[in-house]
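# Coordinates in review
The primary structure of each chain is shown beneath.
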Amino acid sequence: MAASDSAGDDSLYPIAVLIDELKNEDVQLRLNSIKKLSTIALALGVERTRTELIPFLTETIYDEDEVLLALAEQLGTFITLVGGPEFAYCLLPPLESLATVEETVVRDKAVESLRAVAQQHSPSDLETHFVPLVQRLAAGDWFTSRTSACGLFSVCYPRVSATMKGDLRSHFRALCQDDTPMVRRAAATKLGELAQVVELEYLKSDLIPMFVNLAQDEQDSVRLLAVEACVSIATLLPQEDVEQLSPQDIQNVLRCDTSWRVRYMVADKFTELQKAVGPEITRTDLVPAFQSLLKDTEAEVRAAAANKVKDFCQNLDKAHQENIIMTNILPCVKELVADPNQHVKSALASVIMGLSPILGRHNTIEHLLPLFLTQLKDECPEVRLNIISNLDCVNEVIGIQQLSQSLLPAIVELAEDSKWRVRSAIIEYMPLLAGQLGREFFDEKLNALCMTWLMDHVFAIREAATLNLRKLVDQFGAEWAETTIIPKVLAMSRDQNYLYRMTCLFCINVLAEACGSDITTRLLLPTVLSMANDKVANVRFNVAKTLQRIAPQLDQAVIQPQVKPVLDKLNVDNDVDVKYSASEAITGIAGKLTFFLS
């Protein structure tokens, strides 16, 4: 028996060490111990965890923020360690203390854990233990506890009695009218979440007045959060009740708020609000509001509204869609095309092409085409890029020929832009342009441009141009590649600059896969083999890598007599990296072709 007691004491020794570490002066040791709390709890058992460990943690809650953060996270996963859902309430005291600390991230993590623990409470435990905790936090002296309380109402509200629900709504109303802006901000953030679980009757009688107050708050940081709540509430209301959300005073807040940040938030959430309120309120209230946002004095607001032009127009009632766009939206769009701010023009350019399918061929040619052409000549490269990247929308409606003559100068300018990221972006759209402009136009106007990129001084551009070739071959076929692309690529193998000779090898790597065995064996392989004698070690290094890469595409009959001797020669090269690369290639090819090493 004595031996077994001794064994038991030995097994608890590490636990004693961990508990000592919880009291240690070294923060790192305390943090490590907190992260091993589940080990301590398992060793102690559920009863001792409830009666000893949790009270100990509650009493020693004052610590460094990083330790408290780890503790708040750990406690959220402790339900099974205290005996399951029926004892979940034991975790509330330490989490309540953590929800009142000054550091925001600790409070947020404590609230997250409290929400997880609340889900495990039975309805009776919620009323007995959890709701009183919410009420204490909501009535706390410090704003920290009141802000934390805002995040807890929605998790307990659906599962408590009607009387308690009324009490919770009263507490939340008080938080919406709190003297401290931080508390009102927290309430505004969680109002939409609470609206999801409140009965429709109380949504209309209690929560809408709360929203009205928040939407008229003196602090713009509160008003902008109310915008999001507005969307949530409008989504939940039946159509006949949505009008309650649109009294003139609220419309004035949404349309003409003195703070640009609030107007920006309205613009950002506008299409969500549009879907929530339906076509009637959209026509009477939201169309004028959207016009105001498109003409706003602040560029950030105009840019946010411009971003929503396509979605807003798409969501309009089909019976009035064309009339509203032509009468109300298009005049604003025409002004934005010439906006002094490049971010506004860029935002508009990213969506304006999407109006073509909505307005149809006639309106596109008459009204939108001049705007597209203006933006293709814009001084800002992002504007031109955004137009080019969305050409498919116009191509479906009127065909790209209407734009082709204006496209070419814009593409050439972008291709030669001093910023390499702009050049990189236009390369990405080249396969799309090739497909829409057709092979003949591409060969005549853009083929030379694609080859020029292969000799760019920036590696990222040469790499992008190489991948672009592969996509073009996929688009136009191997026969086109043989006559148009491959001769120019192979000519680079004789360039004076070794970087371009290496680019030739990179191109061969991607072309071999796209062009197939015949072209790879007949045209590409001889060039690769001839480059094995290059004076630059880096080129020889890449020759070995290329041979390994293209081997699966080669006619098997040429591998033994042509490829193997070259790799054997590179395998005894003076340069150690070349030898390594050749050795890897020999092993790699041998793994796929058993006759290779014989």
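Just so it is clear, the structure is predicted and the values come from calculations on it, not from any experiment.

How each quantity is defined
Residues numbered from 1 in each chain as written. Predicted model: local features only at pLDDT ≥ 70, side-chain atom pairs only at ≥ 80, totals over all residues. Heavy atoms only, no water. Core = buried A, V, L, I, M, F, W, Y, C linked by side-chain atoms within 4.5 Å. Buried < 20%, exposed > 50% of the residue type's maximum accessible area, 1.4 Å probe, protein only. Contact = heavy atoms within 4.5 Å. Axes fitted to C-alpha atoms, helices over the stretch in contact; angles between N-to-C directions. Helix = DSSP H or I, 4+ residues; strand = E, 2+ residues; numbered from the N terminus. Parallel < 35°, antiparallel > 145°, perpendicular 65-115°, else oblique. Left-handed = near helix turned anticlockwise from the far one by under 90°. Nonpolar A, V, L, I, M, F, W, Y, C, P; charged D, E, K, R; others polar. Polar contact = N/O pair within 3.5 Å; in protein donor to acceptor, adjacent residues only side chain to side chain. pLDDT = per-residue confidence, 0-100. Expected span 1.5 Å × (residues − 1). Bend = angle between axes of the 7 residues up to and from the residue. Phe/Tyr/Trp six-rings, centres within 6.5 Å; stacked < 30°, edge-to-face > 60°. Lys NZ or Arg CZ within 6 Å of the ring centre and 35° of its normal.

### Regarding the nonpolar core
Core analysis: the biggest nonpolar cluster contains 208 residues, and Phe78, Phe130, Val309, Ile352, Trp453 and Leu511 have the highest contact counts within it. With residues near it in sequence (within four places) discarded, Ile352 still touches Val333, Val337, Leu371, Phe372, Gln375 and Ile387.

### Some remarks on the packing of helix H13 (residues 200-215) against helix H14 (residues 220-236)
Two numbers describe how H13 lies on H14: the axes approach to 8 Å, and their chain directions differ by 155°. Judged on the interaxial angle alone, H14 and H13 are roughly antiparallel. The crossing of H13 and H14 is left-handed. Here H13 contributes Leu203, Leu207, Ile208, Phe211, Leu214 and Ala215 to the contact with H14, which in turn contributes Val222, Arg223, Ala226, Cys230, Ile233 and Leu236. Of the residues contributing to the contact of H13 with H14, the split by class is eleven nonpolar, no polar and one charged.

### Topic: the side chain of Thr147
For Thr147, the position within the fold is in helix H9 (residues 143-150). Overall, Thr147 belongs to the buried group, its relative accessible area being 14%. Ignoring sequence-local partners within four residues, the contact set of Thr147 consists of Arg107, Met182, Val183 and Ala186.

### Points about the side chain of Asp206
For Asp206, the location among the structural elements is in helix H13. Within the structure, Asp206 has its side chain in polar contact with the side chain of Arg173 (distance 3.3 Å). Not counting residues up to four positions away in its chain, the partners in contact with Asp206 are Arg169 and Arg173.

### Focus on the packing of helix H5 (residues 65-75) against helix H7 (residues 104-119)
Two numbers describe how H5 lies on H7: the axes approach to 8 Å, and their chain directions differ by 10°. Classified by the interaxial angle, the pair formed by H5 and H7 is roughly parallel. Across the interface between the two elements, Asp65, Leu68, Leu69, Ala72, Glu73 and Leu75 from H5 touch Val105, Val106, Lys109, Ala110, Ser113 and Val117 from H7. In terms of residue class, the contact of H5 with H7 is made up of eight nonpolar, one polar and three charged.

### Observations regarding the confidence of the model for the chain
Counting all residues, the mean pLDDT for the chain is 83, and 90% of those residues have values of 70 or more. Of all secondary-structure elements in the chain, the lowest mean pLDDT belongs to helix H15 (residues 248-256), at 50, while helix H18 (residues 299-307) reaches the highest, 92. Counting interchain partners and residues more than four positions distant, the pLDDT-below-50 stretch residues 1-11 has zero contacts.

### So, helix H30 (residues 478-491)
Given a rise of 1.5 Å per residue, 14 residues ought to cover 20 Å, and the 18 Å separating the end C-alpha atoms of H30 matches this to within 8%. If you look at H30, its biggest bend is around 45°, right at Ile485, and the proline Pro487 turns up within four residues after that. Of the residues making up H30, those classed as buried are Trp480, Ala481, Thr484, Ile485, Ile486, Val489 and Leu490. Elements in contact with the buried residues of H30: helix H27 (439-445), helix H28 (447-453), helix H29 (459-476), helix H31 (498-515) and helix H32 (517-530).

### Quick look at helix H34 (residues 556-570)
Three or four residues apart is the spacing at which side chains of an α-helix point the same way, because the helix has 3.6 residues per turn. Look at H34: 21 Å from first C-alpha to last across 15 residues, which is about the 21 Å you get at 1.5 Å a residue. The largest bend in H34 is about 35°, located at Val563, with the proline Pro565 one to four residues further on. For H34, every residue scored as buried is listed here: Val558, Ile559, Val563, Lys564, Val566, Leu567 and Leu570.

### Digging into the packing of aromatic side chains
What the rule picks out here adds up to nine aromatic pairs. A ring pair is formed by Phe153 and Phe172, whose centres lie 5.2 Å apart and whose planes are at 80°; its orientation type is edge-to-face. Taken together, the residues Phe153 in helix H10 (residues 153-156) and Phe172 in helix H11 (residues 162-176) connect sequence positions 19 residues apart. Phe172 carries the same exposure label as Phe153, and that label is buried. The rings of Phe270, Phe290 and Phe312 are connected pair by pair, giving a single aromatic cluster. For Arg50, the ring lying beneath its charged end belongs to Phe87, and the centroid distance is 3.7 Å.

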